[in-house]
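Now for the letters of each chain:
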Amino acid sequence: AQSVTQLDSHVSVSEGTPVLLRCNYSSSYSPSLFWYVQHPNKGLQLLLKYTSAATLVKGINGFEAEFKKSETSFHLTKPSAHMSDAAEYFCVVSDRVNSGYALNFGKGTSLLVTP
Amino acid sequence: GAVVSQHPSRVICKSGTSVKIECRSLDFQATTMFWYRQFPKQSLMLMATSNEGSKATYEQGVEKDKFLINHASLTLSTLTVTSAHPEDSSFYICSASPGTPFLSNQPQHFGDGTRLSIL
C-alpha cells in the first residue's frame, strides 16, 4: 500500500514569512501525490497534484510542491503566508482499491499564521 | 469545476436513531464515490468505496451492517448509520471524481462533510 508521512503536526509562521509543510511518501511505484487543505468544519479543497509530468508543481493560492524521488519527499511551500492560509493541510497519495483508486491521507499539519 | 454536495451538514439525534447522509455529484457522473470518517484533530480514514449499481466495498474494520451504502444512480450515494450510538459521532465526508475512477492521478472532489452527533 502507498502511504505518506507528514513530519509536523503543527506549524506556526508569521504573516508574510515563508511556509514549509513537510511530507514523505512510501510507494512501490511512481506515485500520484496531492496536497489538500481543510478549513474548520469544511470539506477538502485540492491545492495541487503531482502526476509525474513535472517535479515542481504549482497550485492555487500561491502554493507549490516539489517532488524529490531521491528523498521520497513532496514538501509544500509558499513564499509568503497570509492569514487566510491558516487551516489543516493533508498530504495524500493515491492507492489502488478494488474499484479504482482511493486516497490515503497523512495525519495532517495544522498551520497557524500569526499577525 | 466539479462540485460534490453533501447533505445534511449537521445532525444531532438520539442514540438508536438511524441517520442517512446524501452525497451528490452536481455536474458530473460518478460511478465510484468514497466515504471517509474523520475524528477530531485526526486525518480522514477511508470507510468504503461506493459503486453505482453494485455492492459497496468496505475497508477492514468497518461494519457493513452498521454503515449501509446505497449508490442507486450515477450522481447519488447515500450512507446510512443504523442504530447510531455516541461512538458513531464523527465527521463524515464523501468524495467523487469525474471521469474514469481507474486513473491514479484523478483528484477527488469532496463534499463539505456531515457532522454527526449522537446523544
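The coordinates are above.
I will try to describe carefully the structure that is included in this document. Remember, it's a predicted structure, so these values are computed and weren't measured experimentally.

Observations regarding the overall build of chain B
Item 1. The helix and strand tally for chain B stands at zero helices and eleven strands.
Item 2. In sequence order, the secondary structure elements of chain B are arranged as β-β-β-β-β-β-β-β-β-β-β.
Item 3. In terms of C-alpha radius of gyration, chain B reaches 14 Å, essentially the compact-globule figure of 14 Å for 119 residues.
Item 4. Dimensions of chain B, computed from the C-alpha atoms along their principal axes, are close to 40 × 25 × 25 Å.
Item 5. Expressed as a percentage of the 119 residues in chain B, the buried residues total 49%.
Item 6. A total accessible area of about 5,700 Å² is found for chain B, and carbon and sulfur atoms account for 52% of it.
Item 7. Of the side chains in chain B, 10 bear a positive and 9 a negative charge, and the two mean positions are spaced by 6 Å.

Section: the pattern of salt bridges
Item 1. Across all of its chains, the model carries five salt bridges over all chains by this definition.
Item 2. When the shortest N-O distance is used, the salt bridge between A:K78 and A:D85 registers 2.8 Å. With respect to class, A:K78 is no different from A:D85; both count as buried.
Item 3. The salt bridge involving B:R24 is made with B:E22; its shortest N-O contact spans 3.4 Å.
Item 4. The exposure class assigned to B:R24 is partly exposed, which follows from its relative accessible area of 35%.
Item 5. The class for B:E22 is partly exposed, based on a relative accessible area of 23%.

Digging into the sheet that holds strand β1 (residues 4-7) of chain B
Sheet strands pair by backbone hydrogen bonding; their relative direction is either parallel or antiparallel.
Residue and element names in this part refer to chain B.
Item 1. Read from one edge to the other, the open sheet built from four strands follows the order β1-β3-β8-β7, with strand pairing classed as antiparallel. Across the chains shown, the open sheet's two edge strands, defined by having one partner strand only, are β1 and β7 (67-73). Each adjacent strand pair in this sheet contributes to an overall mean axis angle of 15 degrees, direction not counted.
Item 2. Where β7 and strand β8 (residues 76-81) come together, five bridges link them in antiparallel fashion. From the neighbouring strand, F67 faces β8, where its bridge partner is V81.

Some words on the interface of chain B and chain A
Item 1. Taken together, the 25 residues of chain B in the interface contact 24 residues of chain A.
Item 2. With both chains or domains summed, chain B and chain A bury close to 2,000 Å², and 56% of this area falls on carbon and sulfur atoms.
Item 3. At the surface where chain B touches chain A, the tally comes to zero salt bridges.
Item 4. Taken together, the residues of the side of chain B that touches chain A break down into eleven nonpolar, twelve polar and two charged.

Conventions and cut-offs
Residues numbered from 1 in each chain as written. Chains lettered and ligands numbered in written order. Predicted model: local features only at pLDDT ≥ 70, side-chain atom pairs only at ≥ 80, totals over all residues. Heavy atoms only, no water. Helix = DSSP H or I, 4+ residues; strand = E, 2+ residues; numbered from the N terminus. Rg over C-alpha atoms; globule rule 2.2 N^0.38 Å. Buried < 20%, exposed > 50% of the residue type's maximum accessible area, 1.4 Å probe, protein only. Areas by Shrake-Rupley, 256 points an atom, 1.4 Å probe, with all protein chains shown as cover. Lys, Arg positive; Asp, Glu negative; His and termini not counted. Charge placed at Lys NZ, Arg CZ, Asp CG, Glu CD. Salt bridge = Lys/Arg side-chain N within 4 Å of Asp/Glu carboxyl O. Pairing = 2+ DSSP bridges. Axes fitted to C-alpha atoms, helices over the stretch in contact; angles between N-to-C directions. Contact = heavy atoms within 4.5 Å. Buried area = accessible area lost by both parts, 1.4 Å probe. Nonpolar A, V, L, I, M, F, W, Y, C, P; charged D, E, K, R; others polar.

By themselves, these observations are geometric and do not establish any function.
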